[in-house]
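Remarks on the overall topology
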Amino acid sequence: SQQGEEDPQALSIQEGENATMNCSYKTSINNLQWYRQNSGRGLVHLILIRSNEREKHSGRLRVTLDTSKKSSSLLITASRAADTASYFCATDAPNDYKLSFGAGTTVTVRA
Amino acid sequence: SQTIHQWPATLVQPVGSPLSLECTVEGTSNPNLYWYRQAAGRGLQLLFYSVGIGQISSEVPQNLSASRPQDRQFILSSKKLLLSDSGFYLCAWTDGPSTNEKLFFGSGTQLSVL
């Protein structure tokens, strides 16, 4: 079953604006990962945040993790048309090889 | 460098026909291997994962099976396809044997069962 759930399901923004999406999960985790998927393609790993970390940055991406609320957010700053894609969070459980993916947030960046 | 190959890219099959999707990984050894299915506009459903040759774990009871005949080869099969087997199938790997950090995905197979 899916553990992570993204919110919102869809997001449309103007180029240059920031995009924020959230992920909630139900059980304790080792880490939380964000992936990106362009239409009809495989997923690409963006960033991983461990359960003992609260914030992480990678280029224009900022991820936060609040384990007390069992939630994470992904912020894309200064969005570009090329950021148009679906974004998924994925969580694992301790001593587990599997990742559970949410249904994703579809982001459309208008030029 | 590591690469993952998944084929075919698209497949149209009649109901009741067999299926074989193949995935191979290059440039690494003893990876964890995964098969996911994605329904249109939906998230990923884990179907099978493997931590070693001949070791297959099934996540969802279904019409599909998986095999790992070689260290870097993962095959998804069905003897008789159902309409509900349609979807986007993704193969993925991680540096095994004890991690699920950073999955690398293949480019996917779009399967249409008619």
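Residues numbered from 1 in each chain as written. Chains lettered and ligands numbered in written order. Predicted model: local features only at pLDDT ≥ 70, side-chain atom pairs only at ≥ 80, totals over all residues. Heavy atoms only, no water.

Moving on, we get to the interface of chain B and chain A. Frequently, the measure chosen for interface size is the accessible area that the parts lose on association. The interface of chain B with chain A comprises 24 residues on the first partner and 21 residues on the second. Of the roughly 1700 Å² buried between chain B and chain A on both sides combined, carbon and sulfur atoms contribute 53%. Together, B:L44, B:N100 and B:E101 form the three largest contributors to the area buried by chain B at its contact with chain A, with a combined 30%. The tally of links from chain B across to chain A stands at four residue pairs in polar contact (both at pLDDT 80 or more). Contributions of two or more residues to the side of chain B that touches chain A are made by strand 4 (32-38), strand 5 (44-52) and strand 9 (87-94) of chain B. Residue composition of the side of chain B that touches chain A, grouped by class: 11 nonpolar, nine polar and four charged. (Contact = heavy atoms within 4.5 Å. Buried area = accessible area lost by both parts, 1.4 Å probe. Polar contact = N/O pair within 3.5 Å; in protein donor to acceptor, adjacent residues only side chain to side chain. Helix = DSSP H or I, 4+ residues; strand = E, 2+ residues; numbered from the N terminus. Nonpolar A, V, L, I, M, F, W, Y, C, P; charged D, E, K, R; others polar.)

All right, on to the pairing of strand 5 (residues 43-50) of chain A then. Here is the key point about a regular strand: its side chains alternate between the two faces of the sheet. Residue and element names in this part refer to chain A. In terms of strand pairing, strand 4 (residues 31-37) meets strand 5 through seven bridges, oriented antiparallel. Note on strand 5: the bridge partner recorded for L32 is I49. Hairpin connection, strand 4 to strand 5: the antiparallel pair is bridged by five residues, and G40 has positive phi, about 75°. (Pairing = 2+ DSSP bridges.)

Before going further, it helps to spend a moment on the side chain of A:S72. Residue and element names in this part refer to chain A. Note that S72 resides in strand 8 (residues 71-76). Take S72: its relative accessible area is 4%, and that puts it in the buried class. A distance of 2.8 Å separates a polar side-chain atom of S72 from the backbone oxygen of T64. Excluding residues within four positions of it along the chain, S72 makes contact with M21, N22, C23, L32, W34, V63, T64 and L65. (Buried < 20%, exposed > 50% of the residue type's maximum accessible area, 1.4 Å probe, protein only.)

Further remarks concern the state of the cysteines. Working definition of a disulfide: a covalent bond connecting the sulfur atoms of two cysteines. Going through the model one piece at a time under the given rule, you end up with two disulfides over all chains. Here A:C23 is linked by a disulfide to A:C89, with a sulfur-sulfur distance of 2.0 Å. The sign of the 65° torsion about the S-S bond sets the A:C23-A:C89 disulfide as right-handed. Here A:C23 is found in strand 3 (residues 19-24), whereas its partner A:C89 is found in strand 9 (residues 85-91), with 66 residues between them in sequence. This pair shows no difference in class: A:C23 is buried, exactly as A:C89 is. Note on cysteine connectivity: B:C23 is disulfide-linked to B:C91, with sulfurs 2.0 Å apart. An S-S torsion of about -75° defines the bridge between B:C23 and B:C91 as left-handed. Separated by 68 residues along the polypeptide, B:C23 in strand 3 (residues 19-26) and B:C91 in strand 9 bring together distant segments of the chain. With a relative accessible area of 0%, B:C23 lands in the buried category. (Disulfide = S-S within 2.5 Å.)

What follows covers the sheet that holds strand 7 (residues 65-70) of chain B. All names here are of chain B. Pairing is antiparallel across the open sheet formed by four strands, whose spatial order is 1-3-8-7. Since the sheet does not close on itself, it has two edges, and those belong to strand 1 (3-7) and strand 7, each with one partner. The mean inter-strand angle of the sheet, taken between neighbouring strand axes irrespective of direction, is 20°. In the sheet, strand 3 pairs with strand 8 (residues 73-78) via six bridges, with the strands oriented antiparallel. Bridge assignment links S20 to a residue of strand 8, and that residue is S77. (Axes fitted to C-alpha atoms, helices over the stretch in contact; angles between N-to-C directions.)

Residue and element names in this part refer to chain A. Overall, antiparallel pairing links the five strands, which are arranged 1-3-8-7-6 in an open sheet. The sheet is open, and its two borders are formed by strand 1 (5-7) and strand 6 (55-58), each paired with just one other strand. The sheet shows a mean angle of 20° between the axes of neighbouring strands, taken without regard to direction. Pairing between strand 3 and strand 8: six bridges, direction antiparallel. Looking at strand 8, one finds that T20 is bridged to L75.

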